[in-house]
Amino acid sequence: KLARDHADLAGRCDFIVSAVTASQAVPVAQACAPAIRQGTWFLDFNSASPGAKQRAGKLIDGAHGRYVEGAVMAPVAAPGIKVQILTGGPEAERVSEALNALGMNLRPVATEIGRASATKLCRSIMIKGLEALIIDCDRAARHFGVKEDVFASLAVTFPSIDWPQLAEVMAGRVRQHGVRRAAEMRECGAMMDEIDLDGALARAIADTHERFATPAK
């Protein structure tokens, strides 16, 4: 049932799931907080930085809601609601127990906010970074007509990987999800900045995902 706005939704629910683009995680919490009912669970599934999750948590908890951090750890399409989700916060164990009884696969990892999202985003640096690398490698190798030799050489170094298949699978994922993943990688950059590390690599990965998902006309 479509709500008029965030306040209409938050005022009628006892359980809210926030699943939006990473850059909107805090604005959604901010929009829900003024009207949220006391004791309402607010489960934040967004791929936002630990700092963003902590800001969202303060907004919800400060309005007497109950904020729970969630980090989705794998593509959802195949497992559906069985996809592994890490949860964090004082209510993480209670929410995980309740939703697992309905068929979900939530694992509480901390009573504080930030650890679950840090786990997710550190993993994303590797996974989205590999996707960006293989896309640029594949496109450059195609341009020069050396793709077969490049992938054969990679197979010598990493014999367990089917490089042509991996390139095709990863390119397909980025075409479909690149804009959303770019927002996630910018959150990775923010996370690195939060701990006084250089977030430039994460932002470069974001740029590659965004370009490949929205090619120039």
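Please refer to the structure higher up on the page.
Structure report, in brief. Everything numeric in this text was worked out from a predicted model, so none of it was measured.

## Observations regarding the overall build of the protein chain
Then comes step 1: Looking only at helices and strands, one finds eight helices and five strands in the protein chain.
Then comes step 2: When its helices and strands are written in sequence order, the protein chain yields α-β-α-β-α-β-β-α-β-α-α-α-α.
Then comes step 3: Overall, the C-alpha framework of the protein chain stretches about 60 × 40 × 35 Å when taken along its three principal axes.
Then comes step 4: Taken over 217 residues, the protein chain has a buried fraction of 43%.

## Description of the packing of helix α5 (residues 115-144) against helix α7 (residues 163-194)
Then comes step 1: α7 packs onto α5 with a crossing angle of 135° between their chain directions and a minimal axis gap of 7 Å. Accordingly, the angle class assigned to the pair α5 and α7 is oblique. For the crossing formed where α5 meets α7, the hand is left-handed.
Then comes step 2: Among the residues forming the contact of α5 with α7, the class breakdown is 17 nonpolar, one polar and eight charged.

## Some remarks on unusual backbone geometry
Then comes step 1: At H64, a residue that is not glycine, the phi angle is positive and equals roughly 75°.
Then comes step 2: Mapped onto the elements, H64 comes out in the loop between α3 (50-62) and β3 (66-72).
Then comes step 3: Its identity as a non-glycine residue notwithstanding, D196 has a phi of 60°, on the positive side.
Then comes step 4: Mapped onto the secondary structure, D196 falls in the loop between α7 and α8 (200-213).
Then comes step 5: Residue classification places D196 among the exposed positions, given a relative accessible area of 73%.

## Here's the deal with a nonpolar patch on the surface
Then comes step 1: Together, M126, L130 and L133 make up a nonpolar patch on the protein surface, roughly 320 Å² of accessible area in all.
Then comes step 2: A relative accessible area of 39% means that L130 is categorised as partly exposed.

## Side note on the packing of aromatic side chains
Then comes step 1: Tallied over the entire structure, the rule returns three aromatic pairs.
Then comes step 2: With centroids separated by 6.1 Å and ring planes inclined at 85°, the aromatic side chains of F15 and W41 adopt a geometry described as edge-to-face. One end of the pair, F15, is in strand β1 (residues 15-18); the other, W41, is in strand β2 (residues 41-44), with 26 residues separating them in the sequence.
Then comes step 3: Overall, the relative accessible area of 27% leaves F15 in the partly exposed class.
Then comes step 4: Summarising the aromatic geometry, the rings of F42 and Y67 are spaced 6.0 Å apart at their centres and angled 15° between planes, so their arrangement reads as stacked. In this pair, F42 sits in strand β2 while Y67 sits in strand β3, placing the two residues 25 residues apart along the sequence. In this structure, F42 and Y67 share a single accessibility class: buried.

Cut-offs used in this document
Residues numbered from 1 in each chain as written. Predicted model: local features only at pLDDT ≥ 70, side-chain atom pairs only at ≥ 80, totals over all residues. Heavy atoms only, no water. Helix = DSSP H or I, 4+ residues; strand = E, 2+ residues; numbered from the N terminus. Buried < 20%, exposed > 50% of the residue type's maximum accessible area, 1.4 Å probe, protein only. Axes fitted to C-alpha atoms, helices over the stretch in contact; angles between N-to-C directions. Parallel < 35°, antiparallel > 145°, perpendicular 65-115°, else oblique. Left-handed = near helix turned anticlockwise from the far one by under 90°. Nonpolar A, V, L, I, M, F, W, Y, C, P; charged D, E, K, R; others polar. Patch = residues over 30% accessible without salt bridge, like charges linked within 9 Å, V, L, I, M, F, W, Y side chains within 5 Å. Areas by Shrake-Rupley, 256 points an atom, 1.4 Å probe, with all protein chains shown as cover. Salt bridge = Lys/Arg side-chain N within 4 Å of Asp/Glu carboxyl O. Phe/Tyr/Trp six-rings, centres within 6.5 Å; stacked < 30°, edge-to-face > 60°.

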